[in-house]
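Read off the chains here:
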Amino acid sequence: QVQLVESGGGLVQPGGSLRLSCAASGVSGSSFRWYDMRWYRQAPGKQRELVASISSGGTTNYADSVKGRFTISRDNAKNTVYLQMNSVKPDDTAIYYCNTQPAVVLYWGQGTQVTVSS
């Protein structure tokens, strides 16, 4: 069974940067390279929203609200996907989750809190 563990969250000032990581375990062989990976976030009182995605082939997509500021990437050798967050804003404050659905089951991590505040 795949397990996803996010890390890298914390308190950051507006305009600052943060890099989130999502490490996958329980992955058989080198199959992680075939997983499409996604980052979501959920702010207090709001619905969970898709922030960024990266396909197995490396194609990336971003929510309009983060385009030009966030970058999603992956390291298949480490079974890890990253979210580089630059020029952060208070509206980026949320719990950030990664997910993947390699077959039928949808897997979520436990999330990592990002707080943008001065």
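Structure shown above.
Here's what I pulled together on the structure shown here. This one's a predicted model, so the numbers in the text were calculated from it and none came from an experiment. (Residues numbered from 1 in each chain as written. Predicted model: local features only at pLDDT ≥ 70, side-chain atom pairs only at ≥ 80, totals over all residues. Heavy atoms only, no water.)

## Side note on the packing of aromatic side chains
- The tally for this structure, following the rule as stated, stands at 3 aromatic pairs.
- Among the aromatic residues, ring-to-ring pairing joins Tyr40, Tyr97 and Trp108 into one connected group.
- The ring of Tyr97 is capped by Arg48, whose NZ or CZ atom sits 3.8 Å from the centre of that ring.
- Here the basic side chain of Arg48 rests over the ring of Trp108, its NZ or CZ set 4.5 Å away from the ring centre. (Phe/Tyr/Trp six-rings, centres within 6.5 Å; stacked < 30°, edge-to-face > 60°. Lys NZ or Arg CZ within 6 Å of the ring centre and 35° of its normal.)

## Let's talk about the state of the cysteines
- What the rule picks out here adds up to 1 disulfide.
- Disulfide pairing places Cys22 opposite Cys98 at an S-S distance of 1.9 Å. Measuring handedness by torsion sign, the sulfur bridge of Cys22 and Cys98 sits at about 60 degrees and is right-handed. Of this pair, Cys22 sits in strand E3 (residues 18-25) while Cys98 is found in strand E9 (residues 94-100), placing the two residues 76 residues apart along the sequence. (Disulfide = S-S within 2.5 Å. Helix = DSSP H or I, 4+ residues; strand = E, 2+ residues; numbered from the N terminus.)

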